[in-house]
Amino acid sequence: MEAHALPELGAIRGWLAEVPDPEIPVISIVDLGIVRDLAWEDDTLVVTVTPTYSGCPATSVINLAIEEALRGRGIEKLRIERSLTPPWTSDWIDAAARERLRAYGIAPPIDGTAADGRVMRRIGRLTGGSNLCVPCPRCGSNRTEQVSHFGSTPCKASWRCTDCLEPFDYFKCI
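Residues numbered from 1 in each chain as written. Predicted model: local features only at pLDDT ≥ 70, side-chain atom pairs only at ≥ 80, totals over all residues. Heavy atoms only, no water.

A.B. asks: Residues and numbers for the nonpolar core, please.
C.D. replies: Ile12, Leu16, Val47, Ile66, Leu70 and Phe171 are the most contacted members of the largest nonpolar core, which totals 28 residues. Among the secondary structure elements, those contributing two or more residues to this core are helix H1 (9-16), strand E1 (35-41), strand E2 (44-49), helix H2 (59-71) and helix H3 (95-104). Aside from chain neighbours lying at most four places away, what touches isoleucine 12 is Pro7, Leu38, Trp40, Leu45, Leu70 and Ile75. Counting 10 residues, the second-largest nonpolar core is a separate cluster that includes Val134, Ala157, Tyr170 and Cys173. (Core = buried A, V, L, I, M, F, W, Y, C linked by side-chain atoms within 4.5 Å. Buried < 20%, exposed > 50% of the residue type's maximum accessible area, 1.4 Å probe, protein only. Helix = DSSP H or I, 4+ residues; strand = E, 2+ residues; numbered from the N terminus. Contact = heavy atoms within 4.5 Å.)

A.B. asks: Explain the packing of aromatic side chains residue by residue, including any values.
C.D. replies: For the structure shown, the criterion picks out 3 aromatic pairs. Their ring planes at 25° and their centres at 6.5 Å tell us that tryptophan 159 and phenylalanine 168 sit as a pair that is stacked. Under the relative-accessibility criterion, tryptophan 159 is labelled buried at 3%. Judged by relative accessible area, phenylalanine 168 falls into the buried class, the value being 4%. With 6.0 Å between their ring centres and 70° between their planes, tryptophan 159 and tyrosine 170 make a pair best called edge-to-face. One end of the pair, tryptophan 159, is in strand E6 (residues 156-161); the other, tyrosine 170, is in strand E7 (residues 167-171), and 11 residues separate them in sequence. There is no split in this pair, since tryptophan 159 and tyrosine 170 are both buried. Feature note: the residues Trp159, Phe168 and Tyr170 constitute an aromatic cluster, connected by ring pairs. (Phe/Tyr/Trp six-rings, centres within 6.5 Å; stacked < 30°, edge-to-face > 60°.)

In short, the description is geometric, and any link to function would need to be established separately.
In structure tokens:
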């Protein structure tokens, strides 16, 4: 690919916005905020990725999907770099993606309050040790309870609604 024919970074970001997260297909890797940076170094595209956590088992699948998407668009020279600093945070998930998570049945990460009004800390706990109030993504009820801190993937916890009785995942605040 000649230097004058290099695609604009905005277009490339758009292409990557079409690549679904392998664990949650209703959001893209761009929606999730793990595509940190795109840059041209001469005629080589450098894609910087920050996994949701350092041991994320989907990292290699994501890197392969990035490579396939970009090579399919004619990017011949490509380097994918992993960056752990600063660490990924659920704050990087955009608002539209949070709504798609909810519609899919996964409670999106929230900065919330307990039923008694105490504020959640960023590490996912409340002052005083009370449980976080996570609305059910299916029926909207606040009458929910955590079943396990560990869910279907390491970045989620298992919850249950005591009104509709449906189990659901909560995408943890990280």
